[in-house]
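Breakdown of the fold
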Amino acid sequence: MSTPTTTEQSRLPDPAQFFPELGQIAGAMLKATLNGAIPQTTVNLLQLRAGQIVGSTYHTVRQTGLLRKAGETEERITAVASWQDAPYFTDAERVALELVEAVLSPNPSGERVPDELHAKASAHYDAKALWTLTLAISQIFFFIPVALIGKPIPGKPPGKNYTG
């Protein structure tokens, strides 16, 4: 049986050395999601789910760490992968998780976010909160290719998660 290894090397160097404006873009995206329209925990839960769906260890580890730091229970964190039948989430959180799954999952029979799901989300979130959810999903999508291609080192803070 082999022992697990930790990759201490990223595939690519820190993109900020080539694109210094990335810090401003990331900061603006974060500021937009921290507008108070939805709880930060909801943002982290949906971003954890996005990381799980696309198979990003970096994002899964990062969001898990942020949720732990915020005082979330291990039950809630580990149940994100099976949120549909887990008793740990509010109806509003469930809609947020369903929304990120819908956006990330191909739907062979039609649009990814049907009117029914939008209506369900609208029952829990006003227009500003729905836009905040949309921006939170967009924020993680912006960084998913960075994580999957550049492979930053999981568990390292931003700015310290690249080699070279």
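All of the points below concern the structure found in this document. Since the model is a prediction, treat every value here as computed from it, not as a measurement. (Residues numbered from 1 in each chain as written. Predicted model: local features only at pLDDT ≥ 70, side-chain atom pairs only at ≥ 80, totals over all residues. Heavy atoms only, no water.)

1. Section: the overall build of the protein chain
Within the protein chain, the regular secondary structure consists of seven helices and zero strands. Starting at the N terminus and walking to the C terminus, you meet the elements of the protein chain as α-α-α-α-α-α-α. Relative to the globule expectation of 15 Å for 164 residues, the C-alpha radius of gyration of the protein chain, 16 Å, shows essentially globular dimensions. Viewed in the frame of its principal axes, the protein chain has a C-alpha envelope of about 50 × 45 × 35 Å. Within the protein chain, buried positions represent 34% of all 164 residues. For the protein chain, the share of sequence-separated contacts (at least 6 apart) that also reach a separation of at least 24 residues comes to 67%. (Helix = DSSP H or I, 4+ residues; strand = E, 2+ residues; numbered from the N terminus. Rg over C-alpha atoms; globule rule 2.2 N^0.38 Å. Buried < 20%, exposed > 50% of the residue type's maximum accessible area, 1.4 Å probe, protein only. Contact = heavy atoms within 4.5 Å.)

2. So, the pattern of salt bridges
Once their charged atoms are close, side chains differing in charge can pair, the charge on each being opposite to the other. Taken as a whole, this structure holds six salt bridges when the rule is applied. The salt bridge involving Arg 49 is made with Glu 101; its shortest N-O contact spans 2.7 Å. Here Glu 101 lies in helix H5 (residues 91–104) and Arg 49 lies in helix H2 (residues 40–54), a separation of 52 residues in the sequence. Take Arg 49: its relative accessible area is 13%, and that puts it in the buried class. Residue class for Glu 101 comes out buried when judged on its relative accessible area of 14%. The residue Glu 74 makes a salt bridge to Arg 68 at a minimum N-O spacing of 2.6 Å. (Salt bridge = Lys/Arg side-chain N within 4 Å of Asp/Glu carboxyl O.)

3. Thoughts on the packing of H5 against helix H7 (residues 127–150)
Remark: H5 packs on H7, axes separated minimally by 11 Å, with the N-to-C direction vectors making an angle of 50°. Here H5 lies oblique to H7, going by the angle between them. By crossing handedness, the relation of H5 to H7 is classed as right-handed. On the side of H5, the interface is formed by Ala 96, Leu 99, Val 100, Val 103 and Leu 104, while H7 contributes Leu 133, Ile 137 and Phe 141. In terms of residue class, the contact of H5 with H7 is made up of eight nonpolar, no polar and no charged. (Axes fitted to C-alpha atoms, helices over the stretch in contact; angles between N-to-C directions. Parallel < 35°, antiparallel > 145°, perpendicular 65-115°, else oblique. Left-handed = near helix turned anticlockwise from the far one by under 90°. Nonpolar A, V, L, I, M, F, W, Y, C, P; charged D, E, K, R; others polar.)

4. Remarks on the packing of aromatic side chains
Think of a pair of aromatic rings as described by two things: how far the centres are apart, and how the planes are tilted against each other in angle. If you walk through the whole model with that rule in mind, you get two aromatic pairs. Ring geometry for Phe 142 and Phe 143: centres 4.9 Å apart, planes at 85°, overall edge-to-face. The exposure class assigned to Phe 142 is partly exposed, which follows from its relative accessible area of 33%. (Phe/Tyr/Trp six-rings, centres within 6.5 Å; stacked < 30°, edge-to-face > 60°.)

5. Section: the nonpolar core
Judged by nonpolar contacts, the single largest core of 19 residues is most densely connected at Ile 38, Leu 46, Tyr 125 and Leu 133. Ignoring sequence-local partners within four residues, the contact set of Ile 38 consists of Val 43, Tyr 125, Ala 129, Thr 132 and Leu 133. Core analysis: the next-biggest nonpolar cluster, separate from the first, contains 10 residues, Leu 48, Leu 67, Trp 83 and Leu 97 among them. (Core = buried A, V, L, I, M, F, W, Y, C linked by side-chain atoms within 4.5 Å.)

6. Quick look at H2
Each full turn of the α-helix corresponds to 3.6 residues, which orients residues three or four apart in the same direction. Taking 1.5 Å of rise per residue, the 15 residues of H2 would be expected to cover 21 Å, and the 21 Å separating its terminal C-alpha atoms lies within 8% of that figure. Buried residues dominate H2, accounting for 11 of its 15 residues. Among all positions of H2, only Thr 41, Thr 42, Val 43, Asn 44, Leu 45, Leu 46, Gln 47, Leu 48, Arg 49, Ala 50 and Gly 51 are buried. Where the residues of H2 are buried, they touch helix H1 (22–33), helix H3 (57–69), helix H4 (74–79), H5 and H7. A positive phi of about 75° marks Gly 55, the residue just after H2. (Expected span 1.5 Å × (residues − 1).)

7. Focus on the environment of Gly 65
Tracing the backbone through its elements, the reader meets Gly 65 in helix H3. Here Gly 65 falls in the partly exposed class, since its relative accessible area comes to 32%. Residues Gly 65 and Glu 101, spaced 36 residues apart in sequence, show a C-alpha to C-alpha distance of 21 Å.

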